[in-house]
Amino acid sequence: MKKLFKLICIILVGLLSQVNAAERFAILYTGSVMGETEPCGWRTNRLGGLARRAEVFNKYRTNYPNSLTLDAGNLFFDRDEIETKQLELKQETARLIVDIYNNLKYDAYNVGGHDFALGLDFLKELQAKARFTFISANVVDTLTGKPVFEPYKIVKVGNKNFGIIGVTSVWNEKYRGVGIADPIQTLNKYLPALRKKADYIIVLAALTAGDENKLGAIKEKIDFILMAGSYRYSRNLEVVDGRFIARCGTTGKYVGIITAEINQPKKPLQDISNISV
């Protein structure tokens, strides 16, 4: 069990202050799964797989009943153009992923630009099957400019409200009836209102490197940014402008776990991954 756990998990630990009758939380997250359901990699030490993910999630939910489960985007497909001979396979795989995410009790998934490989109608079909929320603040109707999906979701975990908002970059020009608004401008638009409703804000971001480099232009306080769209993965939380950034690689190889113990909510979050307490 220990070896299996190390193959598929990153442990990222945050603490607000000294632990004293603290509220304990866990954020379980994935991103850039790209339609992978089985372990991938070399013949030995193969990484990932949805069955292994379930085992890890169940372990953490036992220890952290107050938990969030999130996907940062680019979930369903590994390419933007699907060949006719692969059409049925890709459709059935996407439907299977939704069924499994239902069973894994995901709270929200950010619609990434790569997820439009089979068009908006098919994505809407998947949304209708899902018991988790499809969110995107910057995927918009080309005629009205209004969001196609819910821009954000408020999830109450324990005594805290978490505001979950999603954005994606433009990954290609073939979005079949939808537009992708600028992710940074969109976040600046929605975050002030979201901050009034939430104790903590989590941004699910399927971003290119260029858009990620513009995150400093966001003035509103953000607590966590969970990234998709990168092959990199975080061994520790990255702290940029007071925001904790984490990424979990690609093709479903890793999941991310952020645990927190909070007893002084008015103080800033601190990363204590490398501190003995």
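Conventions we followed
- Residues numbered from 1 in each chain as written.
- Predicted model: local features only at pLDDT ≥ 70, side-chain atom pairs only at ≥ 80, totals over all residues.
- Heavy atoms only, no water.
- 1 Å grid on protein atoms, 1.4 Å probe; cavity = no way out; pocket = protein on both sides within 12 Å on 5 of 7 lines; lining within 4 Å.
- Points joined across faces, edges and corners; volume = space filled by probe spheres on them.
- Helix = DSSP H or I, 4+ residues; strand = E, 2+ residues; numbered from the N terminus.
- Nonpolar A, V, L, I, M, F, W, Y, C, P; charged D, E, K, R; others polar.
- Phe/Tyr/Trp six-rings, centres within 6.5 Å; stacked < 30°, edge-to-face > 60°.
- Buried < 20%, exposed > 50% of the residue type's maximum accessible area, 1.4 Å probe, protein only.
- Pairing = 2+ DSSP bridges.
- Axes fitted to C-alpha atoms, helices over the stretch in contact; angles between N-to-C directions.
- Contact = heavy atoms within 4.5 Å.
- Core = buried A, V, L, I, M, F, W, Y, C linked by side-chain atoms within 4.5 Å.
- Polar contact = N/O pair within 3.5 Å; in protein donor to acceptor, adjacent residues only side chain to side chain.
- Parallel < 35°, antiparallel > 145°, perpendicular 65-115°, else oblique.
- Left-handed = near helix turned anticlockwise from the far one by under 90°.

Draft legend 1. Spatial organisation of empty space enclosed by the protein. A full pass over the atoms with the stated rule returns 2 cavities of 30 Å³ or more. Considered as a void within the structure, the largest cavity measures approximately 60 Å³ in volume. In this structure, the largest cavity is lined by Phe-25, Ala-26, Ile-27, Phe-162, Tyr-200, Phe-224, Ile-258, Thr-259, Ala-260, Ile-262 and Leu-269. Residue assignment for the lining of the largest cavity shows that the elements contributing at least two residues are strand E2 (23-30) and strand E14 (255-262). Here the element with the most residues in the lining of the largest cavity is E14; it accounts for 4 residues. Tallied by class, residues from the lining of the largest cavity come to 10 nonpolar, 1 polar and no charged.

Draft legend 2. Broad picture of the packing of aromatic side chains. Scanning the model with the defined rule gives 16 aromatic pairs in all. Here the aromatic rings of Tyr-60 and Tyr-64 are separated by 6.2 Å at their centres, their planes lie at 15 degrees, and the arrangement is stacked. The exposure classification of Tyr-60 matches that of Tyr-64, with both residues buried. Here Phe-77 and Phe-122 contribute two aromatic rings whose centre-to-centre distance is 6.5 Å and whose plane-to-plane angle is 45 degrees, an arrangement assigned as tilted. Placement of the pair is Phe-77 in the loop between strand E3 (67-71) and helix H3 (87-103) and Phe-122 in helix H4 (residues 119-129), with a sequence separation of 45 residues.

Draft legend 3. Spatial organisation of the sheet that holds strand E7 (residues 152-157). Taken in spatial order, the 6 strands line up as E7-E8-E10-E11-E13-E12 in an open sheet, and their pairing is mixed. Edge positions in the sheet fall to E7 and strand E12 (238-240), since each has one partner strand and no second. Here the average twist between neighbouring strands, direction ignored, is 25 degrees. Pairing of E12 with strand E13 (residues 243-247), which is carried by 3 bridges, proceeds in the antiparallel orientation. What sits directly across from Val-240, in E13, is Arg-243. In this fold helix H5 (residues 183-197) packs onto E7, strand E8 (160-168) and strand E10 (200-206), with an angle of close to 170 degrees to the strand it touches most, E8.

Draft legend 4. Looking closely at the nonpolar core. Grouped together as the largest cluster of nonpolar side chains are 37 residues, with contacts concentrated most on Phe-76, Leu-123, Phe-134 and Phe-149. Of all elements in the fold, only E2, helix H2 (50-63), H3, H4, strand E9 (178-180) and E14 reach the threshold of two or more residues within this core. No other element matches the 5 residues that H2 contributes to this core. Once residues within four sequence positions are removed from consideration, Phe-76 is found in contact with Met-34, Gly-35, Ala-94, Ile-97, Val-98, Tyr-109, Asp-115, Leu-123, Leu-126 and Phe-134. Phe-25, Phe-162, Leu-237 and Cys-248 belong to the second largest nonpolar core, which has 29 residues in total.

Draft legend 5. The side chain of Asp-223, seen in detail. Tracing the chain through its elements places Asp-223 in the loop between helix H6 (209-212) and strand E11 (224-228). For Asp-223, a relative accessible area of 2% puts it in the buried group. A polar atom in the side chain of Asp-223 sits 3.2 Å from the side chain of Arg-195. Within the structure, Asp-223 has its side chain in polar contact with the backbone nitrogen of Ile-201 (distance 2.7 Å). Leaving out residues up to four positions away in the same chain, Asp-223 has contacts with Arg-195, Asp-199, Tyr-200, Ile-201, Arg-243, Phe-244 and Leu-269.

Draft legend 6. Seen up close, the packing of H3 against H4. Running from amino to carboxyl end, H3 crosses H4 at an angle of 30 degrees, the nearest separation of the two axes being 9 Å. Between H3 and H4, the angle is such that the two are roughly parallel. The handedness of the crossing between H3 and H4 is right-handed. Contacts from Gln-91, Ala-94, Arg-95, Val-98, Asp-99 and Asn-102 in H3 reach Phe-122, Glu-125, Leu-126 and Lys-129 in H4. Class assignment of the residues belonging to the contact of H3 with H4 gives a composition of 4 nonpolar, 2 polar and 4 charged.

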